[in-house]
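Coordinates in review
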Amino acid sequence: MSARRSVALCPGSYDPVTNGHLDIIGRAAALWDEVVVGVVNHPVRKGATLFDVKERIAFIEEATAELPNVRVEGFSTLVVELARAVGARAIVKGLRAISDFEYELEMNQLNRQQAPDIESVYLMASPRYSFLSSSGVKELAIFGGVIDSLVPATVARRLREELARS
Ligand code: ADP
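I will try to describe carefully the structure that is included in this document. (Residues numbered from 1 in each chain as written. Predicted model: local features only at pLDDT ≥ 70, side-chain atom pairs only at ≥ 80, totals over all residues. Heavy atoms only, no water.)

**What about the overall build of the protein?**
Inclusion rule: Here a helix means four or more residues in a row that DSSP labels H or I, a strand means two or more in a row labelled E, and each is numbered from the N terminus. As a reference, a globule follows 2.2 Å times the number of residues to the power 0.38, and the radius of gyration itself is taken over C-alpha atoms. The accessible surface values rely on the Shrake-Rupley method and a 1.4 Å probe; as for residues, cover is taken only from the protein chains in view. Neither His nor the chain ends is counted toward charge; the positive residues are Lys and Arg and the negative residues Asp and Glu. Where a charge lies is defined by one atom per residue type: Lys uses NZ, Arg uses CZ, Asp uses CG and Glu uses CD.
A count of helical and extended segments in the protein gives 6 helices and 5 strands. Scanning the protein from its N terminus toward the C terminus, one meets helices and strands in the order β-α-β-α-β-α-β-α-β-α-α. What you see for the protein is a C-alpha radius of gyration of 16 Å, in line with the 15 Å of a compact globule of 166 residues. Taking the principal axes of its C-alpha atoms as reference, the protein extends roughly 55 × 35 × 30 Å. On the protein, roughly 9500 Å² of surface is accessible, and the fraction owed to carbon and sulfur atoms is 55%. Once the 19 positive and 21 negative side-chain charges of the protein are each reduced to a mean point, those two points are 1 Å apart.

Here it is in structure tokens:
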């Protein structure tokens, strides 16, 4: 038996975290000894975030408080560098639709080139969250849609404060 604890990294922008993200994080926490949720400080692909990194981290910490093997870290480096720094051999991503697959395939090839020793692992989105994205929730919030079943209560409240149009 190996004494080494297995660590998985769940990276993302989490702007803000949704119940779909939390589903993946919880499922990863059941499979690995430790899960580090990596919150990217300034996402390159998505531009400016609605919430700063401190608040995005706080949302996830609150929502995962009952999972003792999950911790959250902000990062501004390559994902594979963070994986190495926290001792993760696996990067865990959620896959919702074909569009996620195309993007993830490209990222997989790039990450593999940078760090062949780190494996990416994909968990299929649970059917109830297959069409849930942070950007979709933000759009709903702008127009006063009901978001309470899609994100934790604190996130729903903050989204309404930031986005609801009068
Ligand atoms: P988003 O694509 O919603 O902006 P992130 O960039 O924060 O999310 O993504 C972090 C990870 O979570 C990615 O692997 C993404 O595919 C995954 N993910 C996002 N939403 C869901 C969901 N509803 N179900 C499963 N996985 C998801």
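**As for the nonpolar core**
Counted only if it meets this: For our purposes a nonpolar core is just a set of buried Ala, Val, Leu, Ile, Met, Phe, Trp, Tyr and Cys residues, chained together by side-chain atoms within 4.5 Å. Burial classification: accessible surface area is computed with a 1.4 Å probe over protein chains only, and a residue below 20% of its type maximum counts as buried, one above 50% as exposed, and the rest as partly exposed. Any pair of residues with heavy atoms lying within 4.5 Å of one another is described as a contacting pair.
In this structure, Tyr-14, Val-35, Val-37, Val-39, Ile-60, Val-92 and Leu-159 are the most contacted members of the largest nonpolar core, which totals 33 residues. Every element with two or more residues in this core is listed here: β1 (7-12), α1 (19-31), β2 (34-40), α2 (53-63), β3 (70-75), β4 (90-95), α5 (134-142) and α6 (153-163). Not counting residues up to four positions away in its chain, the partners in contact with Val-39 are Gly-12, Ser-13, Tyr-14, Val-53, Arg-56, Ile-57, Ile-60, Val-72, Glu-73, Gly-74 and Phe-75. By size, the runner-up hydrophobic cluster in this structure holds 14 residues, among which are Val-7, Ala-83, Val-86 and Ile-118.

**Side note on the site of the ligand**
Spelled out, the test is: Residues are counted as near a molecule or strand when any one of their heavy atoms sits within 4 Å of it. By the criterion applied in these results, polar contacts are pairs of N or O atoms within 3.5 Å in which, for protein atoms, one can donate a hydrogen and the other can accept it, and in which residues neighboring in sequence qualify only through two side-chain atoms. Each residue is assigned to one class: nonpolar for Ala, Val, Leu, Ile, Met, Phe, Trp, Tyr, Cys and Pro, charged for Asp, Glu, Lys and Arg, and polar for all the others, Gly among them.
Looking at the ligand, there are 18 residues lining it, with Tyr-14, Lys-46, Gly-94, Tyr-129 and Leu-132 nearest. Within the backbone of Leu-132, one N or O atom sits 2.9 Å away from a nitrogen atom of the ligand. Notes on the ligand: free accessible area 540 Å², of which the protein chains cover 91%. Broken down by secondary-structure element, the contributors of at least two residues to the shell around the ligand are β1, α1, β4 and α4 (98-114). Of the residues assigned to the shell around the ligand, the class counts are 6 nonpolar, 7 polar and 5 charged.

**Observations concerning empty space enclosed by the protein**
Using the following cut-off: The pocket and cavity definitions rest on a 1 Å grid over protein atoms only: a 1.4 Å probe that fits but cannot leave marks a cavity, an open set with protein on both sides within 12 Å along at least five of seven lines marks a pocket, and residues lining either have an atom within 4 Å of a point. Grid points are joined across faces, edges and corners, and a volume is the space filled by probe spheres set on the points.
Considering all chains together, one arrives at 1 cavity of 30 Å³ or more under this definition. In this model, the largest cavity occupies a volume close to 40 Å³. If you trace the largest cavity, you find it lined by Asn-108, Asn-111, Arg-112, Ile-118, Glu-119 and Ser-120. For the lining of the largest cavity, the secondary structure elements donating two or more residues are α4 and β5 (119-124).

**Description of α5**
Think of an α-helix as turning once every 3.6 residues; residues three or four places apart then point the same way. What counts, and what does not: Directions are taken from the helix axis to each C-beta atom, and the arc is the one they span.
Buried residues of α5: Ser-134, Val-137, Lys-138 and Ala-141, and no others. Each buried residue of α5 lies within a common arc of 100° when the element is viewed along its axis, so the set occupies one face. Tucked into the core, α5 has its buried residues touching α1 and α6. Gly-144 occupies a position one or two residues after α5 and carries a positive phi of about 75°.

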